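The residues making up each chain are set out below.
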Amino acid sequence: LLTSSPAIQYFSGFKNGEGMALIPFEGENAIITDERYKVQIEEEVDPGLFDILTAISSVKQLETLKEKIPYFSRLCVEDNYLVLKDFLKIKELWSDVEIIPASDFILGIRSLKEKGEILLIKKAIKITEKALEEVLPLIKVGISENDIAAEITYRQKKMGAESDSFPL
């Protein structure tokens, strides 16, 4: 069960990352998000890889996933990201399930990079270097950190970046 935005995006392509993705050993993968992101998730996630679902809250999302996959004996979770109310709901819905912490395992998978990912990382580095070159002359006494950050973000996006690597 993926619950962190970076993991959801990595495995599904859903850039918003709000929601959860369930990747069972057997059966169909499912991804679920808030109904407000229905159009976005349908545009970004391949329906051949994930059954795309929506529900209003994380509790409702878990209930919807329970309907989709009523039973499993073990559930690997991102223990560094799973919030208590969701953990308690999982224990309620799947009372016999063994919860296995898997944050480190998932991070390990995400750390492996294919050739295409490496090329994108190199492109991002070039964009960042160019943006920093342009912004360095603007740094003076009295200029706020927020103004500099905004300038960097503006220049990166102008050069093709989707977003900041680490939003403030």
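One can find the structure itself at the top, above this paragraph.
Values in this document were obtained by computation on a predicted structure and should not be read as measured data. (Residues numbered from 1 in each chain as written. Predicted model: local features only at pLDDT ≥ 70, side-chain atom pairs only at ≥ 80, totals over all residues. Heavy atoms only, no water.)

Visitor: What am I meant to see in the pairing of strand β4 (residues 74–77) here?
Guide: Each regular strand carries side chains that alternate between the two faces of the sheet. Residues of β4 alternate between two faces, with L75 and V77 buried on one and R74 and C76 left unburied on the opposite face. With four bridges connecting them, β4 and strand β5 (residues 98–101) associate as parallel partners. Considered in β5, the bridge of L75 is made with I99. Following the chain from β4 across helix α4 (residues 84–93) to the adjacent parallel β5, one finds a crossover that is right-handed. (Buried < 20%, exposed > 50% of the residue type's maximum accessible area, 1.4 Å probe, protein only. Helix = DSSP H or I, 4+ residues; strand = E, 2+ residues; numbered from the N terminus. Pairing = 2+ DSSP bridges. Right-handed = clockwise from strand over helix to strand, strands pointing away.)

Visitor: Whenever I open this one, the packing of helix α3 (residues 58–68) against α4 confuses me. Can you help?
Guide: Each packed pair of helices is defined by two parameters, the angle between the axes and the distance between the axes. Contact pair α3 / α4: the axes reach a minimum separation of 10 Å and the direction vectors enclose 30 degrees. Taken as axis vectors, α3 and α4 run roughly parallel relative to one another. For the crossing formed where α3 meets α4, the hand is right-handed. Contacts between α3 and α4 involve S58, V59, L62, E63 and K66 from the first element and K85, D86, K89, I90 and L93 from the second. (Axes fitted to C-alpha atoms, helices over the stretch in contact; angles between N-to-C directions. Parallel < 35°, antiparallel > 145°, perpendicular 65-115°, else oblique. Left-handed = near helix turned anticlockwise from the far one by under 90°. Contact = heavy atoms within 4.5 Å.)

Visitor: Looking at this structure, how should I read the environment of A131?
Guide: Among the structural elements, A131 can be located in helix α6 (residues 115–135). In this structure A131 comes out as buried when scored by relative accessible area, which is 0%. Separated by 121 residues in the primary sequence, A131 and Y10 place their C-alpha atoms 25 Å from one another. Among residues more than four places away in sequence, those in contact with A131 are I152, R155, Q156 and M159.

Visitor: Explain the packing of helix α1 (residues 5–12) against helix α5 (residues 103–111) to me, please; I cannot follow it from the model alone.
Guide: The interhelical angle for the contact between α1 and α5, taken along N-to-C directions, is 50 degrees, at an axis separation of 11 Å. Considered as vectors, α1 and α5 are oriented oblique to each other. Crossing of α1 over α5 shows left-handed handedness. The segment α1 lies against α5, with P6, A7, Y10 and F11 engaging I106, I109 and R110.

Visitor: What is the right way to look at the sheet that holds strand β1 (residues 20–22) in this model?
Guide: Backbone hydrogen bonds hold the strands of a sheet together, and the pairing may be parallel or antiparallel. As summarised here, the arrangement of the three strands in space is β1-β2-β3, forming an open sheet in which the pairing is mixed. Sheet topology places β1 and β3 (51–54) at the edges, where each strand pairs with a single neighbour. Averaged over all pairs of adjacent strands, the angle between their axes in this sheet comes to 20 degrees, without regard to strand direction. Where strand β2 (residues 30–33) lies against β3, four bridges are found, and the strand directions are parallel.

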